[in-house]
Amino acid sequence: DIFFRGFADFHQRHPDVECALRVADWGVDREATRDLVGSLGIADTVTFVPFGDKSVFYDNVKSAHLVVDQFSLGAVGLTAIEGMALGRPVMAAVDQVAALRAYGVEMPILNCTNPAEVCRTLASLNPATIMAHSEASSNWVRTHHSDEHIREILCGVYETLYAQ
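The rules behind these values
Residues numbered from 1 in each chain as written. Predicted model: local features only at pLDDT ≥ 70, side-chain atom pairs only at ≥ 80, totals over all residues. Heavy atoms only, no water. Helix = DSSP H or I, 4+ residues; strand = E, 2+ residues; numbered from the N terminus. Buried < 20%, exposed > 50% of the residue type's maximum accessible area, 1.4 Å probe, protein only. Patch = residues over 30% accessible without salt bridge, like charges linked within 9 Å, V, L, I, M, F, W, Y side chains within 5 Å. Areas by Shrake-Rupley, 256 points an atom, 1.4 Å probe, with all protein chains shown as cover. Salt bridge = Lys/Arg side-chain N within 4 Å of Asp/Glu carboxyl O.

S.K.: Which residues make up the overall build of the chain, and what are the values?
M.R.: A tally of helices and strands in the chain yields 8 helices and 5 strands. Taken from the N to the C terminus, the helices and strands of the chain come in the order α-β-α-β-α-β-α-β-α-β-α-α-α. With the C-alpha coordinates of the chain rotated into their principal frame, the extents come out at 55 × 35 × 30 Å. Going through the 164 residues of the chain one by one, you find that 36% of them count as buried.

Here is the structure:
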């Protein structure tokens, strides 16, 4: 709801900006999402993408200017990490204290916790800021979410658990 409400506000305030949303058409909230999109008057900007293999997902991410992930958990899911690895900026709500604890640095996320922040953040984007966020995303994944780095983190966790 947070993203869609913020996007609807942005779309109403900036009707000159061409927008197209591709939304995953699966999960338990699927019908509620369709209803919300309709009630907010943004159905003409949304294409619901049916569940498919990973190549469909990657094609969508590669052609996107922005990947939108979760706003209720305080953490990102695999969609965000994969989007960042593909060099796309990610908008989500992230507990940066937890990210700092997990990775040693904050995540370069367009961090929004309410619809007004989503609207403001969308309004601040332009080709240069998108490029900067794209580079920060892919650099962060290479540095802080690589196989080697995750292996080191897990080994540290397992050593601590084994020592107990």
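Having seen the structure, we can now continue with the description.
S.K.: Report on a nonpolar patch on the surface, specifying residues and quantitative values.
M.R.: Nonpolar side chains collect at one region of the surface, where L154, V157, Y158 and L161 lie side by side and expose about 380 Å² of accessible area between them. Tracing the chain through its elements places L161 in helix α8 (residues 147–163). Overall, L161 belongs to the exposed group, its relative accessible area being 51%.

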